[in-house]
Amino acid sequence: MALSSRIRTLYLRRCCMYSTSLLSPESKSPLSSKEKSRAAISLLKMEKNPERILDICRAAALTPESHLDRVAYSTAISKLKESNYYEGIREFIRDSLARPDFKSERFVKHFIVLFGQAGLIKDAVKLFETGVDMSVKALNSLLFSCVVAREYGEMKRIFSDFPRKYGLQPDCDTYNTVLKGFCESGSSSSAYSLLSEMERNGIKPNAATLSILIAGFYKEEKLSDVDKILDLMKKYGVHSGIGVYNAKIQGLCKLKKSAEAKGLLDEIFSKKMKPNNVTYSHLIHGFCKEGKLDVAKDLFKEMISKNVKPEGVCYYRHIHYLCQGKDFEAAFAIYKDSVAKNWVPKIGTMKALVNGLISIEKLDEAKEIIAFVKEKFPSKAYKWTEIEESLSK
């Protein structure tokens, strides 16, 4: 018994050291679960070799229970899809499902959505029908996988047939997912008949329902319908929470009406509500796209001062647009804040920033970025040789 325990301990230690050597070659000690996840995400963003992508995921021992690992799963699926490595995707998900601790409905629902992200809807349907107890939550995941895959016809078929076929009663989340599909496919006007069906079935729309509709009507520039939805909010007694405001702000920013969207931020404050990182991210992105970088920078500073924490996408977009606007010093400052939180921009963005810093003779800052990238991703160090050599001349 003592011998088998010792063998198991040695095996686990060897696996741990293998994962550390792959995920962080410079590390002298085993990585924690969170460190593995962050290292995996950084490596996956840069990696193009499908087999190595799978090796990174295995080394990180990903679990859908962790938010960071769900990000890693999603990143891996996107990269494998780019390589058209569909058999690898099926193998990856099949191996995950084979783990005894991944048999819960919650985890299987996650893999149904990942199949949708890969565009493998037939596999998602098969997993729904064979890999999980039939429930409305599993149905909602299957419908969402169709939305992610932009298979809107299949979404309609499943919504029409599966509740009756499997004896499931759609809930508000079911309708919200289908509404999202209608809105994303440019069929937002179909929403009214779905709202009527909800009412007939005694299902009351919630704030998420109306946020989806607002976003859809803004996307199609049906501004009169936005007003109708706002009237419906009163009818259903739905409070105009931050999610509804975010939908309105995003819609206006996409229409290049960021100044009008910023007026809604003032309205949020006047109602003693608190904007969140999504609110600011939409506004910053909107002003950046309109070339109003000074306003975007002020909003980013305001966001930080109010202790609203930006997520990676907010950092990446801001750095990208600041580089486009040739404000490389501001971009470098935000880059520093980003990597300090382990949010690492794409190689293309960092190369643009390095070249920009060189152009304004900020050579030490350019060298700092190169050194960081080479240490973080030693296998990609050769890509920086030409730039590094130009700095030493």
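Fair warning: this is a prediction, and the values are worked out from it, not measured in the lab.

What counts, and where the lines are drawn
- Residues numbered from 1 in each chain as written.
- Predicted model: local features only at pLDDT ≥ 70, side-chain atom pairs only at ≥ 80, totals over all residues.
- Heavy atoms only, no water.
- Core = buried A, V, L, I, M, F, W, Y, C linked by side-chain atoms within 4.5 Å.
- Buried < 20%, exposed > 50% of the residue type's maximum accessible area, 1.4 Å probe, protein only.
- Contact = heavy atoms within 4.5 Å.
- Salt bridge = Lys/Arg side-chain N within 4 Å of Asp/Glu carboxyl O.
- Helix = DSSP H or I, 4+ residues; strand = E, 2+ residues; numbered from the N terminus.
- Axes fitted to C-alpha atoms, helices over the stretch in contact; angles between N-to-C directions.
- Parallel < 35°, antiparallel > 145°, perpendicular 65-115°, else oblique.
- Left-handed = near helix turned anticlockwise from the far one by under 90°.

Novice: What's the story with the nonpolar core in this structure? I'm lost.
Specialist: Generally speaking, a soluble globular protein has its nonpolar side chains buried in company with each other. If you look at the biggest cluster of nonpolar residues, it comprises 126 residues, and the most contacted ones within it are L23, F92, F111, L213, I284, L353 and I369. When residues no more than four places from it in sequence are discounted, the contact partners of F111 are P64, Y73, I93, S96, L97, F102 and L127.

Novice: For this particular structure, what's the right way to read the pattern of salt bridges?
Specialist: When the charged atoms of two side chains with opposite charge come close together, those side chains can pair. The full count for this structure, using the stated rule, is 19 salt bridges. In this structure, D327 and K297 form a salt bridge, with 2.5 Å as the shortest nitrogen-oxygen distance. Separated by 30 residues along the polypeptide, D327 in the loop between α18 (312-324) and α19 (328-340) and K297 in helix α17 (residues 293-305) bring together distant segments of the chain. Put simply, D337 and K341 hold a salt bridge, and the shortest N to O gap is 2.6 Å. Given a relative accessible area of 23%, D337 falls into the partly exposed group. Since its relative accessible area comes to 37%, K341 is described here as partly exposed. Salt bridges sharing partners connect three or more residues here, namely D55, R58 and E91.

Novice: Help me understand the side chain of S338 in this model?
Specialist: With respect to the secondary-structure elements, S338 resides in helix α19. Beyond its immediate sequence surroundings of up to four residues, S338 is in contact with Y315, Y316, I319, W343 and P345.

Novice: How should the packing of helix α12 (residues 207-219) against helix α13 (residues 223-236) be read in this particular structure?
Specialist: A pair of packed helices is captured by two measures, namely the crossing angle of their axes and the spacing between those axes. Between α12 and α13, the least distance of the axes is 8 Å, while the angle of their chain directions is 170 degrees. By the angle between their directions, the pair α12 and α13 is classed as roughly antiparallel. Crossing handedness for the pair α12 and α13: left-handed. Residue-level inspection shows L210, L213, I214, F217 and Y218 of α12 in contact with α13, the latter providing L223, D225, V226, I229, L230 and M233.

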